[in-house]
Amino acid sequence: MKPLEIYQELKNRAVGNVRLAEPMSRHTTWRIGGPADIFVEPGGVDELRRAVLFARERSLPFLIMGNGSNLLVSDAGVRGLVIKICRGMSKVSVDGNNVSAEAGVRLSQLLQISKKAGLGGFEFAAGIPGAVGGAIVMNAGANGSCMGNLVQDVTVMNFSGELMCFGREQLNFGYRACALQEYPGIVVHANFTCLPRPGPEIQQLIDSYMRRRRLTQPLNYPNAGSVFKNPPGDSAGRLIEQAGAKGMRIGGIQVSDRHANFFVNTGNATAGDVLAMVAAVRKMVKEKFGLILALEVKTVGEQTGGGDSSAKIYDLRGQQFEGHG
């Protein structure tokens, strides 16, 4: 089927907001990325299910994304469907010390709601631009804590549209790791266990973490956070800086002179610029320290060549294609 035919049929399937040839640069914090053939924003679990089942029926590859804060999309874009879990799946509720949130809830929203309820635990997420679903899958963390510390259970939709619940002990949380990274399904909901904490104390921690971010991170430029994972017992930023790459520029992408593990879009960066910088920085660090840095950001789309850290694009059988639409 041609994209226009897919678009027209999806519009009749009530799968949410559907767009044709949507620029992915509008949906990544790097502000980089070519067009998605078809872009879908489901308005709830039922619309998400219909979109996924449609992709399976039509043998269309599909990518599931959240807030795009950890994603590099190729300049050629993404073939098939991109399904973004966002505002249509952003309900939050509080019951005692438990917070329940849908996958599209922004971490900033989750933090404010839990603070208002006098519940602590999410302070570490102050300034992290992601949403709940992606943050769980990546086990996002900062300031000595992470999502996995608070998760009680996670509800996932498989590619047959069935809902399954996984307890924390089944998710094997680790540094930027979670068992759901290998599971063919979509996070739709999670329950978290928090601790009672006075609102002013929570705000004090938030203010402290945000001051540190403003001092140490290039918040005034589009970026995707840390590009590389920290090697055991070391800091990727330190290694990059010591290798002499801090401030280096290729096209519109620059290794931040504030934090060397952040690559900033100075205004007209392409995915090609980012990948060239990734290769150059890796080479410099390997030559100086004998280490090969592993990507933390996920790459996706045609001709991305993401290598070790490709986002998952699925076919009708729920099998994954690494890095290519």
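Residues numbered from 1 in each chain as written. Predicted model: local features only at pLDDT ≥ 70, side-chain atom pairs only at ≥ 80, totals over all residues. Heavy atoms only, no water.

### Details of the nonpolar core
Reasoning step 1: Counting 55 residues, the largest nonpolar core has Leu-81 and Phe-192 as the members making the most contacts within it.
Reasoning step 2: The contact partners of Phe-192, leaving out residues within four places of it in the chain, are Asn-97, Asn-98, Val-99, Ala-101, Leu-110, Phe-122, Val-132, Ile-136, Met-147, Leu-150, Val-151 and Gln-152.
Reasoning step 3: Of all hydrophobic cores here, the second largest spans 25 residues; its members include Phe-228, Ala-236, Ile-253 and Val-255. (Core = buried A, V, L, I, M, F, W, Y, C linked by side-chain atoms within 4.5 Å. Buried < 20%, exposed > 50% of the residue type's maximum accessible area, 1.4 Å probe, protein only. Contact = heavy atoms within 4.5 Å.)

### Some remarks on the packing of helix H3 (residues 107-116) against helix H6 (residues 199-216)
Reasoning step 1: Where H3 meets H6, the closest approach of the two axes is 9 Å, and the angle between their N-to-C directions is 150 degrees. Judged by the angle between their axes, H3 and H6 are roughly antiparallel. Residue-level inspection shows Leu-111, Gln-112 and Lys-115 of H3 in contact with H6, the latter providing Gly-199, Ile-202, Gln-203 and Ile-206.
Reasoning step 2: Along the lines of polarity and charge, the residues of the contact of H3 with H6 split into 3 nonpolar, 3 polar and 1 charged. (Axes fitted to C-alpha atoms, helices over the stretch in contact; angles between N-to-C directions. Helix = DSSP H or I, 4+ residues; strand = E, 2+ residues; numbered from the N terminus. Parallel < 35°, antiparallel > 145°, perpendicular 65-115°, else oblique. Nonpolar A, V, L, I, M, F, W, Y, C, P; charged D, E, K, R; others polar.)

### Concerning H6
Reasoning step 1: Its 18 residues give H6 an end-to-end C-alpha distance of 26 Å, which sits within 8% of 26 Å, the value for a rise of 1.5 Å per residue.
Reasoning step 2: Within H6, burial applies to Ile-202, Ile-206, Tyr-209 and Arg-213. Take H6 and look down its axis: the buried residues cluster within an arc of 70 degrees, on one side only. Counted as exposed and oriented over 90 degrees from the buried face of H6: Pro-200, Gln-204 and Leu-215.
Reasoning step 3: Where H6 is buried, its residues contact H3, strand E8 (119-120) and strand E9 (141-142). (Expected span 1.5 Å × (residues − 1). Arc of directions from axis to C-beta.)

### Some remarks on unusual backbone geometry
Reasoning step 1: Non-glycine residue Arg-31 carries a positive phi angle of around 60 degrees.
Reasoning step 2: Its location among the elements puts Arg-31 in the loop between strand E1 (17-23) and strand E2 (35-41).
Reasoning step 3: A positive phi angle, near 45 degrees, is found at Asn-139, a position not held by glycine.

### Digging into the pattern of salt bridges
Reasoning step 1: In this structure the tally under the stated criterion is 15 salt bridges.
Reasoning step 2: Residue Arg-49 is joined to Asp-46 by a salt bridge in which the shortest nitrogen-to-oxygen separation is 3.0 Å. Taken as a pair, Arg-49 and Asp-46 lie in helix H2 (residues 45-57) at a separation of 3 residues, close to a single helical turn.
Reasoning step 3: When salt bridges with common partners are traced through the structure, they connect Arg-19, Glu-22, Arg-26, Glu-41 and Arg-87 into a single cluster. (Salt bridge = Lys/Arg side-chain N within 4 Å of Asp/Glu carboxyl O.)

Interpretation in functional terms is not warranted from these geometric data alone.
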